[in-house]
Every structure is written in structure tokens, then in C-alpha cells.
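Here are the chains, one letter per residue:
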Amino acid sequence: RSDLAKTWPLGALIAQACHACTAVMHMYREDTHVKEYIEDLDNMHKCVLEVKSESELAALSAKLTENLVQHRLWIEQPENYPTCLAVKPYPKDDVKNYFKKLKLLK
């Protein structure tokens, strides 16, 4: 969420992404794509994309859920505040259409 970058320290934002990535990898650790992804640790690939608001993040999560795209919406506790989401590893062609309108986070 790029709106958080205006008031949150950079380290706190990075921690949110780390939490979401760790959670999604654990949740789907038995998935074939996850196993393939972690077999080659030196060639991992991630894209950090931005949504501009909590409502945009919620809409993206709902769209992914509706289309059975496995992901983890990270909700910071105890504030109960959605901050980011991570999608489990997929072949790029399987998920690129959900993210094509998003820009890289700056």
C-alpha cells in the first residue's frame, strides 16, 4: 500500500511484506510450485507492486479469492490493519492478468 509509505517508516513497510511472504510460503509449503520455487534459492524472483489504498488492497484480495488464486492478505495485529498481500509462487502466465494494471512500488 503506497499510502502507508507517507506515514510509516520504510523498515516497517518492508517487515509487512516479509510477514506476508513468510506466511504464504508456510501456508502452501506442500504445493508443487512452492516446492519448485524454494529448490532454487539463488534464483528467486519477486515483484513488489503497489496499490494506493486499503480499499484497493481489499478489492485485489477479493478478486484473487474469487478466482482461486492462493495468497495471504497480511493484517497487522493488534491493530487489525490490512497492509499487503503475497501470492504463492505460480507460473507467471497463470497470474499476470491480475496484476497487469499495477506499477512497481517506488
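## A few points about the overall build of the chain
Here is step 1: A count of helical and extended segments in the chain gives 4 helices and 4 strands.
Here is step 2: For the chain, the α and β elements follow one another from N to C terminus as α-α-β-α-β-β-α-β.
Here is step 3: A globule of 106 residues ought to have a C-alpha radius of gyration of about 13 Å, and the chain, at 14 Å, matches this closely.
Here is step 4: Each principal axis of the C-alpha distribution contributes one length, and for the chain these read about 35 × 25 × 25 Å.
Here is step 5: The buried share of the chain, reckoned over its 106 residues, is 30%.
Here is step 6: Taking the contacts inside the chain whose residues are at least 6 apart along the sequence as the reference set, 65% of them involve residues at least 24 apart.
Here is step 7: Surface accessibility of the chain: about 7500 Å² in total, with carbon and sulfur atoms responsible for 56%.
Here is step 8: In the chain, the 15 positive side-chain charges and the 15 negative ones have mean positions that sit 7 Å from each other.

## What to know about unusual backbone geometry
Here is step 1: Here the residue pair Q77 and P78 is connected by a cis peptide bond, since its omega of 10° sits within 30 degrees of zero.
Here is step 2: Take P78: it is sitting in the loop between β2 (71-76) and β3 (81-87).
Here is step 3: The backbone of L68 shows a phi angle near 60°, a positive value even though the residue is not glycine.
Here is step 4: Mapping L68 onto the fold places it in the loop between α3 (54-66) and β2.
Here is step 5: Phi is positive for N80, close to 60°, though the residue is something other than glycine.
Here is step 6: Tracing the chain through its elements places N80 in the loop between β2 and β3.
Here is step 7: Residue classification places N80 among the exposed residues on the basis of a relative accessible area of 54%.

## Observations concerning the pairing of β3
Here is step 1: In terms of residue burial, β3 counts as a mostly covered element, since 5 of its 7 residues are buried.
Here is step 2: As judged from the 6 bridges shared by β2 and β3, these two strands associate in the antiparallel manner. Bridging from a neighbouring strand, W74 pairs with C84 of β3.
Here is step 3: Here β2 hands over to β3 after 4 residues, with N80 in that stretch at a positive phi of 60°.

About the criteria used
Residues numbered from 1 in each chain as written. Predicted model: local features only at pLDDT ≥ 70, side-chain atom pairs only at ≥ 80, totals over all residues. Heavy atoms only, no water. Helix = DSSP H or I, 4+ residues; strand = E, 2+ residues; numbered from the N terminus. Rg over C-alpha atoms; globule rule 2.2 N^0.38 Å. Buried < 20%, exposed > 50% of the residue type's maximum accessible area, 1.4 Å probe, protein only. Contact = heavy atoms within 4.5 Å. Areas by Shrake-Rupley, 256 points an atom, 1.4 Å probe, with all protein chains shown as cover. Lys, Arg positive; Asp, Glu negative; His and termini not counted. Charge placed at Lys NZ, Arg CZ, Asp CG, Glu CD. Pairing = 2+ DSSP bridges.

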